[in-house]
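Here are the chains, one letter per residue:
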Amino acid sequence: YASWWNAPSGATYSYTINWGDGSTTSGSTTSTTGTFYHTYSSAGTYTITVTVSAPGAQTGSASATVTVYGPLVINWFTASPTSGTAPLTVTFSGSWSGGSGGYSWSLSFGDGGSTSGSGSSMSASHTYSSAGTYTATLTVKDSAGDTASKSVTITVTNPTYSVTFTESGLPTGTTWWAEVGGTKKYAGAGQSITFSGLSGTNSWSVANPVTYVVNKYGHHWTYYYYASPSSGTVSSGTTISITYSQQ
C-alpha cells in the first residue's frame, strides 16, 4: 500500500515500483493512494522503492524492506533402534532449517510421553517399557507460526525365554510329557524337555500320573507314578525339576 499527495487537485501521477528483485511495476493514476501486489519466488530481504512524479516535475520516493522466508523443512529425523524387546531405549535426533527462525520443537513418543525444546536441532532418548507399535512425531514451529512434522515407527516386542523340564524317578521304558502354553512335547524316562521362544506368562503342566505296566509270569502289574510339582506358571527362563514317585 502506498499514498502520496501535495500536487494540484485532479493531477495525474506517474509511479514506478521497484520490487528489489529485478522487476518493476509502472503506471499512472489520479488517486493519491494505491494498493499493489507482487510475488517473490525466492527467500531473501528485498528493498521496495516507490517513485511518484507529479505535474511540474515534482518527484518523490519512499522505500520499505520486505523479508521473504523459505519453507520450514525438517532435514532429517531418525530413531535408533527402531525395534527391539521391552524395555527398549530409543535415541531420537533431528535437524531443520528455513522458515523465520526462532524455532521451538516438541517430540511425542507415541506412548503418552513427550519432550520439547528450542533451537535448530534436537536429541532425546526415551524408554518404552511395554510391547507395542508406537509412532513418534517431531513437530517444529518457527517464529512466524509455521510448522513442519515428521514421524517414525517404533516396534517393541516382549522378551523371549526358554524353559527346560528335567525328570527323575520314572522307570526305564516309560514316556512322559510337558506342556507349556498349549504346546506339548514328549520324552523318555530320564530325558529333558525344552521350550524356546516363549514370551509373557505361560501356564505349564506335566504328565500326571504316568502309568507303568509290568508283564511277568503271566501276570500284569500296573504302577502309577505321580509328579511333583505337576503344574504352574512361568514368565522367565528357568529349569523346572520334576520328580516322580510311586504311590
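Look up: the structure comes first, before these words.
So, here is what we can say about the structure in this document. Since this is a predicted model, take the numbers as computed values, not measurements. Within each chain, residue numbers correspond to sequence positions counted from 1 in written order. Selection of residues for local features in this predicted model requires a pLDDT of at least 70, selection of side-chain atom pairs for listing and counting requires 80 or more, and totals for whole chains, interfaces and linings are taken over all residues. No hydrogens and no water enter the side-chain calculation; it runs on all heavy atoms of the structure.

## Side note on the sheet that holds strand β2 (residues 13-18)
The pairing criterion is simple: DSSP has to find at least two bridges between the two strands. Strands here mean DSSP runs of E at least two residues long; helices mean DSSP runs of H or I at least four residues long; both are numbered from the N terminus. With respect to topology, four strands assemble into an open sheet ordered β3-β2-β5-β6, the strand pairing being antiparallel. Two strands lie at the open edges of the sheet, namely β3 (24-29) and β6 (58-68), each paired on one side alone. Within this sheet the neighbouring strands show an average axis-to-axis angle of 15°, counted without direction. Where β2 and β3 come together, six bridges link them in antiparallel fashion. Looking across to β3, one finds that threonine 16 is bridged to serine 26. For every element, the axis is a line fit to its C-alpha atoms; helices are fit only across the contacting stretch, and the angle between N-to-C directions ranges from 0 to 180 degrees.

## Side note on the nonpolar core
Residues belong to one nonpolar core when they are buried, are Ala, Val, Leu, Ile, Met, Phe, Trp, Tyr or Cys, and are joined through side-chain atoms within 4.5 Å. Here the term buried applies to any residue with accessible area under 20% of the maximum for its type, exposed to any over 50%, and partly exposed to those in between, with areas from a 1.4 Å probe on protein chains only. With 24 residues, the main nonpolar core has Phe92, Leu107, Met122, Tyr128, Leu138 and Ile154 as its most contacted residues. Counting residues per element, the ones that place at least two in this core are β7 (73-80), β9 (88-97), β10 (104-108), β12 (121-128), β13 (132-141) and β14 (147-157). Contacts are residue-level and defined by heavy atoms, with any inter-residue pair within 4.5 Å sufficient. Not counting residues up to four positions away in its chain, the partners in contact with methionine 122 are Phe77, Phe92, Ser93, Gly94, Trp96, Trp105, Leu107 and Leu138. One finds Tyr161, Phe165, Leu170 and Ala207 within the second-largest nonpolar core, a separate group that totals 21 residues.

## Re the sheet that holds β13
Pairing is mixed in the open sheet, where five strands are placed in the order β8-β14-β13-β10-β11. Because the sheet does not close on itself, it has two edges, and the strands there are β8 (83-85) and β11 (114-118). Neighbour to neighbour, the strand axes of the sheet diverge by 20° on average, direction disregarded. Sheet topology places β8 next to β14; three bridges connect them, and they run parallel. Bridging from a neighbouring strand, serine 83 pairs with threonine 155 of β14.

## Focus on unusual backbone geometry
Cis geometry is found at the peptide bond from alanine 86 to proline 87, where omega equals -5°. Relative to the helices and strands, proline 87 resides in the loop between β8 and β9. Cis geometry is found at the peptide bond from asparagine 208 to proline 209, where omega equals 0°.

## Structural notes on the packing of aromatic side chains
Only the six-membered ring of Trp is used, alongside the rings of Phe and Tyr, when aromatic pairs are assigned; centres must lie within 6.5 Å, and planes under 30 degrees apart are stacked while those over 60 apart are edge-to-face, with the rest tilted. Within this structure, the stated rule accounts for ten aromatic pairs. An angle of 25° between the planes, with centres 4.4 Å apart, marks the rings of tyrosine 40 and tyrosine 46 as stacked. Take tyrosine 40: its relative accessible area is 16%, and that puts it in the buried class. Their ring planes at 45° and their centres at 5.6 Å tell us that phenylalanine 92 and phenylalanine 109 sit as a pair that is tilted. Within this pair, whereas phenylalanine 92 is found in strand β9, its partner phenylalanine 109 is found in the loop between β10 and β11, the two being separated by 17 residues in sequence. Accessibility classification places phenylalanine 92 together with phenylalanine 109 in one group, the buried group. Through successive ring pairs, a cluster of aromatic residues spans Phe77, Phe92 and Phe109. A ring is considered to have a charge above it if a Lys NZ or an Arg CZ atom is located within 6 Å of its centre and within 35 degrees of its normal. Against the face of tryptophan 177 rests lysine 184, its NZ or CZ located 4.1 Å from the ring centre.

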